[in-house]
Amino acid sequence: MLYFCAALGFLITGMIELYAGRGRFWTMVLYSVMILAALFGILSSMFVNKDEWISEVFNAVSVHLFALEAIAIIVSRFRSLRSLERGDDEDDDDSEFEPETFG
């Protein structure tokens, strides 16, 4: 039940972010991968009691998609830090996953 709720939370978050998307291609891809990973997570949690093997397959796909998403976010953070060290003030494609700050 916990895994189902967590995957459902990721699904809802991904759908909201995709709907409110900032129009950047890589941001849309990132949230699409999040939605896909959440769907596999939901499928995995639904099949836990019926077919353990297929549940583990869905879980493996979900975890690997979440790992790819995490790698993309970490790489974008390092790129944005590197561009700040160089003194670049322009908003380029290297910082696409950078969250927008208000205030």
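Structure report, in brief. Chains are numbered independently. Their residues run from 1 in the order of the written sequence. The model is predicted, so local features are restricted to residues of pLDDT at least 70 and side-chain atom pairs to those at 80 or more, both for listing and for counting; the totals for chains, interfaces and linings are taken over all residues. Processing note: side-chain calculations cover all non-hydrogen atoms of the structure and skip hydrogens and water entirely.

Some words on the overall build of the protein
Test applied: A run of H or I in DSSP becomes a helix once it reaches four residues, and a run of E becomes a strand once it reaches two; helices and strands are each numbered from the N terminus. Burial classification: accessible surface area is computed with a 1.4 Å probe over protein chains only, and a residue below 20% of its type maximum counts as buried, one above 50% as exposed, and the rest as partly exposed.
From N to C terminus, the protein includes three helices and zero strands. Listing every helix and strand of the protein by position from the N terminus yields α-α-α. A buried classification covers 23% of the 103 residues belonging to the protein.

Quick word on a nonpolar patch on the surface
Spelled out, the test is: Patch members must show over 30% relative accessible area and no salt bridge, and they are joined within 9 Å when carrying like charges or within 5 Å when they are nonpolar side chains of Val, Leu, Ile, Met, Phe, Trp or Tyr. Methods summary: accessible areas were calculated by the Shrake-Rupley approach with a probe of 1.4 Å, and residue burial reflects only the protein chains presented. Take a side-chain nitrogen of Lys or Arg and a carboxyl oxygen of Asp or Glu: if they are within 4 Å of each other, that pair is a salt bridge.
A cluster of nonpolar side chains, namely Ile 74, Phe 78, Leu 81 and Leu 84, defines an oily patch on the protein surface of about 440 Å² accessible area. Looking at the secondary structure, you find Leu 84 in helix H3 (residues 52-86). Assessed through its relative accessible area of 60%, Leu 84 is described here as exposed.

A closer look at the side chain of Ser 45
Cut-off, in case you're wondering: Here a polar contact means two N or O atoms within 3.5 Å. Within protein one must be a hydrogen donor candidate and the other an acceptor candidate, and residues neighboring in sequence count only if both atoms are side-chain atoms. Note on definitions: a residue-residue contact is assigned when non-hydrogen atoms from the two residues lie within 4.5 Å.
With respect to the secondary-structure elements, Ser 45 resides in helix H2 (residues 25-46). The exposure class assigned to Ser 45 is buried, which follows from its relative accessible area of 19%. In this structure the side chain of Ser 45 is engaged in a polar contact, spanning 2.8 Å, whose partner is the backbone oxygen of Ile 42. Those residues in contact with Ser 45 that sit more than four places away from it in its chain are Tyr 3 and Phe 4.

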